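Working through the structure, step by step
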Amino acid sequence: MSSKEKPTLGGQRIKTRKRNIAAPLDPASFSDAIVQIYLDNAGDLELVAKSIESSDLNFSRYGDTFFEVVFIGGRTQPGTIKPEEEGDRHPYSVIDCAAQREAILPYVLYIQKTLRRRPFLIKNLENVMRKFLQSLEFFEENERNKLAIFTALAFSQKLSGLPPETVFQPLLKDNLVSKGIVLSFITEFFKEYLKDNTLDDLIALLKKGKMEDNLLEFFPPVKRTSEALSEHFTKEGLTSLVEYNEKKMFEVKLKEIKSTLTTMINEEIEISEVTEAVKQQVKDAKFPDIEVVRMLWDVLMEAVQWSGKNQQQNSNSALRQVKTWAGLLNAFCTSGKLELELVYKVQTQCYEDAKLMKLFPEIIRTLYDQDVLAEDTILLWFRKGSNSKGRQSFVKALEPFVKWLEEAEEEE
C-alpha cells in the first residue's frame, strides 16, 4: 500500500482589523445640552453640578466648550471670544454675575468640585482662561474685573492644578500692556488676592509665574518706572507691594554696585577712581549712606585672599586689605554716625566669622591709624555701644587701646 500523505486543504486566512470610526465633532449639541442644564436648574450651581455629574455627556472631548459655557453662558466662535450666533445661551455665567467676591466665589467652588470629579478638565480650563486673558480688550471693563476677581479667588482656593504661568504670561501681550488693560486687571487681581492671603503668598505665586522680579512689565512702556509703580499701587492701597518692589530694586542695585566694586578692587584700580565710580552709582541708585558703608565693608572683606588654615596669614591679609582701602572707607564715613555704623559692621562680622574673631581690636586700631575712625567714635562705642554681638569679649580686647586713647587725651 502507498504511504503517501493524504491531500489537505491549503491557503492563508486573511484577518481583517475592525476600523475605529470616530464620531464627528459636535460641540454645538454639547453646548446646548449644558446650557439646558443651567436653564432647567435656574442657575443653581449645586443643582447644576448634580445634573452634570449624572449626565453622560462627553466632557473629555468638549472640555473647552464646557468652560466657555461656564464663563460666558454659551459657545464662542473659533479663535475669538465672540458668542456663536447660533446655539442656546444662559444668563447664569461668571460674566453675567455681579462683580463681587460673594457672587463669584460659588463659581470657583463649583469648578473646584467639577475638577475633583474630572481632573482631566484642568487642561481645558487652562486653554479657556488663556484665550480669555489674551483677549481682555474685547471684554467690557466690568467683565474684566469679574475675570480678575475669579482668577484671584481661584488661586486663593488653590483651584486644582491651575499653574500661575497660565495667568501671568498671557497678560504680557504688547497691545494689552500698552493700553493699560493689563495694569487694571492685575491691580484688581492683587487687591482681591491679598484679602485672603499674605504678601509672601502673593510673591510666591508671582515667583511660580516667573513674574516676581518683573512687576514693571505689567505697566505701559511710558509708565515703566519705579516712581510710577509706587504712585499707582499706593493710590490703590497696595503699599505692601510698593515696599516689596522698593526692597527688590534695592537688592538689584546693590548687587550691581557690589559687582562693579569687586571688579575694580581685584583689578587694583586707583582708590580715587574707585571712589568716584562708587559715588556716581550710589547717587544714581539713591542709596542711604548707612547702606553704602555696610556694603563697602562687605565687599572689601569678600575680596580678601584667604589662605585657608594659616590664621596668621589670614590676619595679615585682612589687615592689609583694610590699610590698602582705608581711603575708600574714609571717603564715605563722613560723620560720627557713619563711623559708628562701620564699627558695628566690623563688630558683627568679627563675631560671625571665626577667621576675624580675634582681629577686632587690630582692625579698629588700623582704621584709627588711617583716619577712618575718630577717637570720639571709638570711645562712644566702648562706653555706650548698643550692638550686643560679642560685645563683652570685644570690649575687653579693646581695653588696652582705649586706655591708651584716654591717657593721650588727658595728656593733651
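The text that follows walks through the structure, step by step, so that each part is easy to find. (Residues numbered from 1 in each chain as written. Predicted model: local features only at pLDDT ≥ 70, side-chain atom pairs only at ≥ 80, totals over all residues. Heavy atoms only, no water.)

Another aspect to go through is unusual backbone geometry. Positive phi, normally seen in glycine, also occurs at Lys 210, with a value near 60 degrees. Mapped onto the elements, Lys 210 comes out in the loop between helix 10 (199-208) and helix 11 (226-235). Classification of Lys 210 as exposed rests on a relative accessible area of 62%. Its identity as a non-glycine residue notwithstanding, Glu 268 has a phi of 55 degrees, on the positive side. If you trace the backbone, Glu 268 turns up in the loop between helix 12 (239-266) and helix 13 (271-285). (Helix = DSSP H or I, 4+ residues; strand = E, 2+ residues; numbered from the N terminus. Buried < 20%, exposed > 50% of the residue type's maximum accessible area, 1.4 Å probe, protein only.)

All told, the structure shown has 17 salt bridges when counted by the stated rule. The closest approach of N and O atoms between Lys 131 and Glu 68, which form a salt bridge, is 2.7 Å. In this pair, Lys 131 sits in helix 5 (residues 122-134) while Glu 68 sits in helix 3 (residues 63-72), placing the two residues 63 residues apart along the sequence. The shortest N-O distance in the salt bridge between Lys 179 and Glu 137 comes to 2.8 Å. Here Glu 137 lies in the loop between helix 5 and helix 6 (141-156) and Lys 179 lies in the loop between helix 8 (174-178) and helix 9 (181-193), a separation of 42 residues in the sequence. (Salt bridge = Lys/Arg side-chain N within 4 Å of Asp/Glu carboxyl O.)

Glancing now at the packing of helix 17 (residues 336-352) against helix 18 (residues 360-369). Where helix 17 contacts helix 18, the two axes come as close as 10 Å, and the packing angle between them is 155 degrees. Between helix 17 and helix 18, the crossing angle belongs to the class labelled roughly antiparallel. Note that helix 17 runs across helix 18; the crossing there is right-handed. Across the interface between the two elements, Leu 342, Val 343, Val 346, Gln 347 and Cys 350 from helix 17 touch Phe 360, Ile 363, Ile 364 and Leu 367 from helix 18. In the contact of helix 17 with helix 18, the residues fall into eight nonpolar, one polar and no charged. (Axes fitted to C-alpha atoms, helices over the stretch in contact; angles between N-to-C directions. Parallel < 35°, antiparallel > 145°, perpendicular 65-115°, else oblique. Left-handed = near helix turned anticlockwise from the far one by under 90°. Contact = heavy atoms within 4.5 Å. Nonpolar A, V, L, I, M, F, W, Y, C, P; charged D, E, K, R; others polar.)

Quick look at the side chain of Thr 275 now. Take Thr 275: it is sitting in helix 13. Residue class for Thr 275 comes out buried when judged on its relative accessible area of 8%.

In the structure shown here, the tally under the stated rule is 22 aromatic pairs. Taken together, a centroid distance of 4.7 Å and an interplanar angle of 20 degrees make the contact between Phe 250 and Phe 287 stacked. Of this pair, Phe 250 sits in helix 12 while Phe 287 sits in the loop between helix 13 and helix 14 (289-302), placing them 37 residues apart in sequence. Looking at Phe 250, the relative accessible area reads 25%, which means it is partly exposed. Centre to centre, the rings of Phe 360 and Phe 394 are 4.6 Å apart; their planes meet at 25 degrees, and the pair counts as stacked. Taken together, the positions of Phe 360 in helix 18 and Phe 394 in helix 20 (residues 391-411) put the pair 34 residues apart, joining distant regions of the chain. The pair formed by Phe 360 and Phe 394 is uniform in burial state, with each residue classed as buried. Three or more aromatic residues joined by ring pairs make a cluster, and in this case those are Phe 155, Phe 168, Phe 189, Phe 190, Tyr 193, Phe 218, Phe 219 and Phe 233. (Phe/Tyr/Trp six-rings, centres within 6.5 Å; stacked < 30°, edge-to-face > 60°.)

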